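Structure at a glance
Residue-level listing of the chains:
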Amino acid sequence: MDKLKFAIIGCGRIASRHADIISSIAELSAVCDIKPDRAKALAEKHSCRNYNNIEELLEKENEVNVVSICTPNSLHSAHTIISLNSGKHVLCEKPMAISVKECLQMIKAADESRKNLFIVKQNRFNPPIAALKQTIDGGRLGKILSVELNCFWNRNNESYKDSDWKGKKALDGGTLFTQFSHFIDLLYWLAGDVKKVFSLGKNLNHKATIEFEDTGVAALEFTNGALGTIHYTVNSYKKNMEGSITVFGEKGTVKVGGQYLNVLEYQNIEDYEIKGLTESRPPNDYGFYKGSMSNHDKVYDNIIDVLKHNGKIAANANEGMKTVEIIEKIYSAFNGS
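Structure report, in brief. (Residues numbered from 1 in each chain as written. Predicted model: local features only at pLDDT ≥ 70, side-chain atom pairs only at ≥ 80, totals over all residues. Heavy atoms only, no water.)

1. Comments concerning the sheet that holds strand E8 (residues 194-202)
Paired through their backbone hydrogen bonds, the strands of a sheet run either parallel or antiparallel. This is how the line gets drawn: Here the rule is simple: two strands pair whenever DSSP picks up at least two bridges between them. Labels follow the DSSP assignment, with helices taken as runs of H or I lasting at least four residues and strands as runs of E lasting at least two, numbered in each case from the N terminus. To define axes, lines are fitted to C-alpha atoms, for helices over the stretch in contact only, and angles between the resulting N-to-C directions are given on a 0 to 180 degree scale.
Here we have 7 strands laid out as an open sheet, ordered E8-E9-E10-E7-E11-E12-E13, and mixed in their pairing. Unpaired on one side and paired on the other, E8 and strand E13 (263-269) mark the two borders of the sheet. On average, adjacent strands in this sheet sit at an angle of 10° to one another, irrespective of strand direction. Bridge count for strand E11 (residues 242-249) against strand E12 (residues 252-257) is 5 bridges, and the pairing is antiparallel. The partner of Gly249 across the bridge, within E12, is Gly252.

Put into structure tokens, the structure is as follows:
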């Protein structure tokens, strides 16, 4: 196989990051957005074709191997399924979807088309997170007893007004889907599945701009018996403050923090020390706010490894669905159900 050929559906902010990486390691054949000016601008920057209709792109771009879905959350499922059904592999941005039902439909389409469905989980590649995962899997912490997850970011009202979908329940899904699904993924990746949830959520400071909570707290029981807490908000004053996860085990305690889970802040492990970490990448910069870490190049390296060298998918669809399932449990518990 020569260079893989990609197409991007959705030409918003994150699509620019995808396009830059694709152009550096593969071939960007086409982009698509319902806003013609946005599709044209991205296409001109990367010397590729542009479309305003996904069906037309999939019909005409027969040589495309992989479609990258960068559309609003609520469209991930439909755009993934139509791309898989057209015979393309798919990379879907986070969150995989905004309901488990949609995730199951996506997985079914991938199985029936015999194509790969990759999910963007770039924070798994943060050096301290990868090292913590290796430490846990190696048994260095012993039995996991409890986990604390903190997500303290800033999203002012302007950041929602600038978007025609963020903050709208039907299109966005909620703060855990758009801002913090990567954090929920890491909670699952490091500590396992969640059995029971008690949670509260309120819109305390964004009543004029978003249709759901801007702050939430949750107490969790994992299937392995460990306990956990989540405290998240987009009300950190003026700027992102912290994204951290602390794991308490029988044989050690480790905290990965910083603003974007990019700093090994604390470790105390029996007869072991995490060291030699490479420097973390800077966060994605969206102008008036910053997002999670810029490890999308690792995501694309994994796609190439899977499709050209029979490698293993770094974040598969079942794992993507688990993130959505845990978020659904937290949101369901808001209503006491």
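After that view, the rundown keeps rolling.
2. Quick look at the sheet that holds strand E5 (residues 89-92)
Pairing is parallel in the open sheet, where 6 strands are placed in the order E3-E2-E1-E4-E5-E6. Strands at the two margins of the open sheet, each flanked by one partner only, are strand E3 (49-51) and strand E6 (117-119). Pairs of neighbouring strands in the sheet enclose a mean axial angle of 20°, with direction left out of account. Here strand E1 (residues 5-9) pairs with strand E4 (residues 66-69) via 4 bridges, running parallel. Note on E4: the bridge partner recorded for Phe6 is Val66.

3. Examining helix H6 (residues 127-137)
Note on helix geometry: an α-helix contains 3.6 residues per turn, so any two residues three or four positions apart are oriented the same way. Where we set the bar: Categorising residues by exposure relies on relative accessible area from a 1.4 Å probe, with only protein chains included: less than 20% of the type maximum marks a residue as buried, more than 50% marks it as exposed, and the intermediate range marks it as partly exposed. Every residue pair with non-hydrogen atoms within 4.5 Å of one another is taken to be in contact.
In terms of burial, H6 is a largely internal element, 8 of the 11 residues being buried. Along H6, the positions that sit buried rather than exposed are Pro127, Pro128, Ile129, Ala131, Leu132, Lys133, Thr135 and Ile136. Along its buried surface, H6 packs onto strand E7 (144-152), helix H10 (181-191), E11, E12 and E13. Gly139 sits one or two positions beyond H6 and adopts a positive phi of about 80°.

4. Examining the packing of H6 against H10
Note the threshold: Angle categories: roughly parallel below 35 degrees, roughly antiparallel above 145, roughly perpendicular from 65 to 115, and oblique for all the rest. Following the grouping adopted for this structure description, the nonpolar residues are Ala, Val, Leu, Ile, Met, Phe, Trp, Tyr, Cys and Pro, the charged ones are Asp, Glu, Lys and Arg, and the polar ones are all others, Gly among them.
Direction vectors running N to C along H6 and H10 enclose 25°, while the axes themselves pass 9 Å from each other. Regarding the angle of H6 to H10, the classification is roughly parallel. Every residue of H10 that contacts H6 at Ile129, Leu132, Lys133 and Ile136 is listed here: Leu186, Trp189 and Leu190. When the residues that make up the contact of H6 with H10 are grouped by side-chain class, the tally is 6 nonpolar, no polar and 1 charged.

5. A closer look at the nonpolar core
Quick note on the threshold: The definition of a nonpolar core used throughout is a set of buried Ala, Val, Leu, Ile, Met, Phe, Trp, Tyr and Cys residues joined through side-chain atoms within 4.5 Å.
Core analysis: the largest hydrophobic core is formed by 75 residues, its most contacted members being Met96, Leu117, Leu132, Ile230 and Ile245. Setting aside its immediate chain neighbours within four residues, Leu132 contacts Leu141, Leu190, Ile245, Val247, Val254 and Val256. In terms of nonpolar packing, the next biggest core, distinct from the first, is built from 27 residues, Ile8, Leu28, Ala39 and Leu307 among them.

6. Some remarks on the packing of helix H1 (residues 13-25) against helix H2 (residues 36-46)
The test is simple: In a left-handed crossing the near helix is turned counterclockwise from the far helix by less than a right angle, and in a right-handed crossing that turn is clockwise.
One can describe the packing of H1 onto H2 by two numbers: an axis separation of 11 Å at closest approach and a directional angle of 20°. Looking at the two axes, H1 sits roughly parallel to H2. Considering only the axes of H1 and H2, their crossing is right-handed. Within the contact between the two elements, H1 uses Ala15, Ser16, Ala19, Asp20 and Ser23 and H2 uses Leu42, Lys45 and His46.

Purely geometric numbers; function is a separate question.
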